[in-house]
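One-letter residues, chain by chain:
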Amino acid sequence: APARPRAATRLAATPPELSYAAETRGETNLEEITEASFVGQYELEEREDADSAKTLMYLKPDGKVALGATDGVPPVASAGRWEYDGKELIVELTRTFEDVKASFATTRVLVGDVILLNDTPPQVQGAIKLTPSPTSDDLLRIPRHTLPTDAVGYFVAVKIPEVPI
């Protein structure tokens, strides 16, 4: 049997509509996300220069941060605090390290976009920034005017679901 010619397929005159994250951001109910939404344990993956490390992080209801096990260089001490400003999750971490000669502290500010909190598992991702000097717990809020604009690295924090006992 001779081959029949195919019918021509008509192409759409206009491309299909695209939706971008920036346009759909308003569809996530940011009004329903409160600081209480963030309380819990996270696996924090930090990438700074050629180094990367995963650390267990607990965001406490009182705004403090506790760090747990890490596959990076373990600090001898750590402290932190966090807040949600209605748009971004901001976590300030100070870690103290010791070597044979001295001890030193590093402070990093993690500024994360809250665009995946409703995903399973919930995620926050963003930039790691340096802070000019360690802040004390006497300051009630993490000062916005001291946050630098340049990122020294990037992070992803994945919330670990609570297991009912």
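My aim in this report is to walk through the structure given alongside it, one point at a time. (Residues numbered from 1 in each chain as written. Predicted model: local features only at pLDDT ≥ 70, side-chain atom pairs only at ≥ 80, totals over all residues. Heavy atoms only, no water.)

Okay, the packing of aromatic side chains next. Tallied over the entire structure, the rule returns three aromatic pairs. Seen in terms of ring centroids, Phe38 and Tyr84 are 4.9 Å apart; in terms of plane orientation they differ by 45 degrees. Their pairing is tilted. Placement of Phe38 in the loop between α1 (21-24) and β1 (40-48) and of Tyr84 in strand β4 (residues 77-84) is noted, with a sequence separation of 46 residues between them. Members of the aromatic cluster, each reached through a chain of ring pairs, are Phe38, Trp82 and Tyr84. (Phe/Tyr/Trp six-rings, centres within 6.5 Å; stacked < 30°, edge-to-face > 60°. Helix = DSSP H or I, 4+ residues; strand = E, 2+ residues; numbered from the N terminus.)

Attention shifts here to the pattern of salt bridges. With the rule as written, the count across this model stands at four salt bridges. Note that Arg95 is salt-bridged to Glu46, the shortest N-O span being 2.8 Å. Of this pair, Arg95 sits in strand β5 (residues 88-98) while Glu46 sits in strand β1, placing them 49 residues apart in sequence. For Glu46, a relative accessible area of 9% corresponds to the buried category. A salt bridge links Arg81 to Glu92; its shortest N-O distance comes to 2.7 Å. Taken together, the positions of Arg81 in strand β4 and Glu92 in strand β5 put the pair eleven residues apart, joining distant regions of the chain. Take Arg81 and Glu92: they sit in the same class, and that class is buried. (Salt bridge = Lys/Arg side-chain N within 4 Å of Asp/Glu carboxyl O. Buried < 20%, exposed > 50% of the residue type's maximum accessible area, 1.4 Å probe, protein only.)

Honestly, it's all geometry; don't read function into it.
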